[in-house]
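# Coordinate inspection notes
Single-letter residue listing:
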Amino acid sequence: MTRETWIARVLLVLVFAPGGGLFGKAVAEAAQARPWWPWLVAALVWLLVTGAIASWISTSVSHHADEHR
């Protein structure tokens, strides 16, 4: 496994695992008839912000690796 692939897999887990947990919390709150939308908003914000950061990191690593080939 190349360094690029390893970094991409780590970023994938760091972005989607917490986002999935927040979505799960929203579902659990809705099942208990409590306000669920703050958890849904938190999940969406998490996915957008960390996804953008992960994309930037992934692109930086890819460009850096291309320069050294």
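Everything numeric here is computed off the predicted structure, so don't read it as measured data.

Helices and strands together make up the secondary structure of the protein chain, namely two helices and zero strands. Within the span of the protein chain, comprising 69 residues, buried residues form 16% of the whole. Taking the intrachain contacts of the protein chain between residues at least 6 apart in sequence as the baseline, contacts between residues at least 24 apart amount to 59%. Approximately 5200 Å² of the protein chain is accessible, and the part contributed by carbon and sulfur atoms is 72%.

The terminal C-alpha atoms of helix α1 (residues 3-31), which comprises 29 residues, lie 42 Å apart, in line with the 42 Å expected from a rise of 1.5 Å per residue. Among all positions in α1, only I7, L11, V15, G19, L22, A26 and E29 are buried. Remark: A33 follows α1 within two positions and exhibits a positive phi of approximately 60°.

Another aspect to go through is the pattern of salt bridges. All told, the structure shown has two salt bridges when counted by the stated rule. Of the charged contacts in the structure, one is a salt bridge between E29 and K25, with a shortest N-O distance of 3.1 Å. Within this pair, E29 and its partner K25 are both found in helix α1, separated by four residues, close to a single helical turn. On the accessibility criterion, K25 (33% relative accessible area) is partly exposed. Across the salt bridge formed by E29 and R34, the nearest N and O atoms sit 2.9 Å from each other. Judged by its relative accessible area of 7%, E29 is buried. Bridged by salt links that share partners, the residues K25, E29 and R34 form one connected network.

A separate point is the nonpolar core. With five residues, the main nonpolar core is built from I7, L11, V15, A54 and V61. For this core, the secondary structure elements donating two or more residues are α1 and α2 (37-67). For this core, the element with the highest residue contribution is α1, accounting for three residues. Sequence-distant contacts of V15, defined by excluding residues within four places in its chain, comprise W46, L47, T50, G51 and A54.

Structurally, W46 is set in helix α2. Using a relative accessible area of 33% as the deciding quantity, one classes W46 as partly exposed. For W46 and L22, which are 24 residues apart along the polypeptide, the C-alpha to C-alpha distance reads 8.8 Å. W46 has contacts with L14, V15, P18, G19, L22 and G51, leaving out every residue within four places of it along the chain. Engagement of the side chain of W46 in a polar contact is seen with the backbone oxygen of V15, the distance being 3.0 Å.

Rules used throughout
Residues numbered from 1 in each chain as written. Predicted model: local features only at pLDDT ≥ 70, side-chain atom pairs only at ≥ 80, totals over all residues. Heavy atoms only, no water. Helix = DSSP H or I, 4+ residues; strand = E, 2+ residues; numbered from the N terminus. Buried < 20%, exposed > 50% of the residue type's maximum accessible area, 1.4 Å probe, protein only. Contact = heavy atoms within 4.5 Å. Areas by Shrake-Rupley, 256 points an atom, 1.4 Å probe, with all protein chains shown as cover. Expected span 1.5 Å × (residues − 1). Salt bridge = Lys/Arg side-chain N within 4 Å of Asp/Glu carboxyl O. Core = buried A, V, L, I, M, F, W, Y, C linked by side-chain atoms within 4.5 Å. Polar contact = N/O pair within 3.5 Å; in protein donor to acceptor, adjacent residues only side chain to side chain.

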